[in-house]
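Examination of the molecular architecture
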Amino acid sequence: MREFGTTVFAEMTALAVRTGAINLGQGFPDTDGPPAMLERAAAAIGGGLNQYPPGPGMPELRQAVAEHRKEHYGLVYDPDGEVLVTVGATEAVSATVLALCEAGDEVLVFEPYYDSYAAAIALAGAVRRPVALRPVDGRFAFDPDELRAAVGPRTRAILVNSPHNPTGTVFTRDELAAIAALCQEHDLIAITDEVYEHLTYDGVEHVPLATFPGMRERTVMISSAGKTFSATGWKTGWVCAPPALTTAVQSVKQFLTFTASAPWQVAVAYALRHELDWVAALRRDLSAKRDRLMEGLSAAGFGVLRPSGTYFVQTDIRPLGFADGIAFTRELPELAGVVAIPTQVFYDRPEFGRHFVRFAFCKRDEVIDEAATRLAALGRR
Ligand SMILES: *Cc1c(COP(=O)(O)O)cnc(C)c1O
């Protein structure tokens, strides 16, 4: 695991602390989730819910997850045997890859990819096969021929993250249909990371891959409360999959963490049932924050790509006279008092992302405005 020593987030957060810069690097909100949900967690602790919950998760959360899948997507999962509660989506992805991949198996990933994927694949002794997302008409997209060409005799699974971090792309029905067709043709398992399922903008719709014909039986669908309810520190996620796949994931999960923390589970079950209006308001709010930050970045001279989902905006730094995102983000605190993340660290082939830098907009308006004011200095250099 040597190549996974320190992450860019640790480096950039330390840089923000050292320089007093505004941290638009790491993607976590600076406001809390629904108050009634927070109260439920506190009440659970006060009420004595402090011992190990069942390994698969508290029945009421599994039930609430199953109801939510059915209401939103028409997907029916049995809360007993097809839903597993995990320590965030991160554990769900790692346990799934460890459960389903043998050493030497290949896993397709769209790059740039969420950083834990590479580590999870490495932990399993599997091999990642990157397929590039490239800017086409203002959004990052893949070339279906390239995706097809990446499949080989050892390909076991494909990791699909939509809405996609770090690009903000939400895969279209056509793109998902191409992935679904490939999975069926080559008998691949789809591992879908849908943590931003509710955070899409401009009327763009998130469609789970499992809703495509023939896909429910070969998809491990993953989500989490962290992004949906602005509670990234709660690390409460879940897997929905057919019984054999769920059992396999649980047999790994039981030796990673055995079970997930109890108080958050009842609070999240409550939120899934009663706080979706709060989530709708969050989505409107985030959409306005996206526009606010995009405006500031454009005014500062960045090339700005419009994301359809997530917390993140991708920018092209070349109009500002820079070519390398790592050098740029290391200098940025001094140049403008802001911290961002160089997109190239999310690639196996960094040359595809050299000139892109990611900014997070899940912050209070005054923080975004102050960052925009500071970044305006770049254009005046
Ligand atoms: C934030 C994030 C996660 C982590 O989710 P947790 O529930 O906090 O483990 C996983 N995948 C993506 C794409 C994310 O952005």
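Residues numbered from 1 in each chain as written. Predicted model: local features only at pLDDT ≥ 70, side-chain atom pairs only at ≥ 80, totals over all residues. Heavy atoms only, no water.

Topic: the site of the ligand
- Taken together, the residues surrounding the ligand are Gly 88, Ala 89, Thr 90, Tyr 114, Asn 161, Asn 165, Asp 193, Val 195, Tyr 196, Ser 224, Lys 227 and Lys 235.
- Within the contact set of the ligand, an oxygen atom lies 2.8 Å away from a backbone nitrogen or oxygen of Ala 89.
- Ser 224 has a polar side-chain atom sitting 2.6 Å from an oxygen atom of the ligand.
- Contact with the protein chains removes 94% of the 390 Å² of surface that the ligand exposes when unbound.
- By residue number, the principal contributor to the shell around the ligand is helix H4 (residues 88-100), which donates three residues.
- Looking at the shell around the ligand residue by residue, the class counts come to four nonpolar, five polar and three charged. (Near = heavy atom within 4 Å. Polar contact = N/O pair within 3.5 Å; in protein donor to acceptor, adjacent residues only side chain to side chain. Areas by Shrake-Rupley, 256 points an atom, 1.4 Å probe, with all protein chains shown as cover. Helix = DSSP H or I, 4+ residues; strand = E, 2+ residues; numbered from the N terminus. Nonpolar A, V, L, I, M, F, W, Y, C, P; charged D, E, K, R; others polar.)

Quick notes on the packing of helix H2 (residues 35-46) against helix H10 (residues 262-274)
- Put simply, H2 and H10 touch, their axes get as near as 8 Å, and they point 145 degrees apart. You can see that H2 and H10 cross each other, and the crossing is right-handed. Where H2 approaches H10, its residues Ala 36, Met 37, Arg 40, Ala 41, Ala 44 and Ile 45 are matched on the opposing element by Pro 263, Trp 264, Val 266, Ala 267, Tyr 270 and Ala 271.
- Residue composition of the contact of H2 with H10, grouped by class: 11 nonpolar, no polar and one charged. (Axes fitted to C-alpha atoms, helices over the stretch in contact; angles between N-to-C directions. Left-handed = near helix turned anticlockwise from the far one by under 90°. Contact = heavy atoms within 4.5 Å.)

Considerations on the pattern of salt bridges
- Scanning all chains against the criterion turns up 27 salt bridges.
- Residues Arg 273 and Glu 67 are paired through a salt bridge, measuring 3.1 Å at the closest nitrogen-oxygen approach. Taken together, the residues span a long stretch of sequence, with Arg 273 in helix H10 and Glu 67 in helix H3 (residues 59-73) at a distance of 206 residues.
- On the accessibility criterion, Arg 273 (37% relative accessible area) is partly exposed.
- Among the ionic pairs, Arg 364 bridges to Glu 366, the shortest N-O distance being 3.3 Å.
- Arg 364 sits in the partly exposed class, given a relative accessible area of 36%.
- It is possible to trace a salt-bridge network through shared partners that takes in Asp 202, Arg 290, Asp 291 and Arg 306. (Salt bridge = Lys/Arg side-chain N within 4 Å of Asp/Glu carboxyl O. Buried < 20%, exposed > 50% of the residue type's maximum accessible area, 1.4 Å probe, protein only.)

As for the packing of H4 against helix H9 (residues 243-256)
- Packing of H4 against H9 leaves a shortest axis separation of 8 Å and a crossing angle of 110 degrees. By the criterion of interaxial angle, the relationship of H4 to H9 is roughly perpendicular. When the axes of H4 and H9 are compared, the crossing they make is right-handed. Side by side, H4 and H9 meet where Glu 91, Ala 95, Thr 96, Leu 98, Ala 99 and Leu 100 of the first sit next to Leu 245, Ala 248, Val 249, Val 252, Lys 253 and Leu 256 of the second.
- Residues of the contact of H4 with H9, tallied by class, amount to nine nonpolar, one polar and two charged. (Parallel < 35°, antiparallel > 145°, perpendicular 65-115°, else oblique.)

Some thoughts on the environment of Pro 319
- Tracing the backbone shows Pro 319 in the loop between strand E12 (312-316) and helix H12 (325-336).
- When the C-alpha positions of Pro 319 and Phe 302 are compared, they lie 6.1 Å apart, and in sequence the two are 17 residues distant.
- Discounting chain neighbours no more than four positions away, the residues touching Pro 319 are Gly 301, Phe 302 and Gly 303.

The values reported here are purely geometric and, on their own, carry no functional implication.
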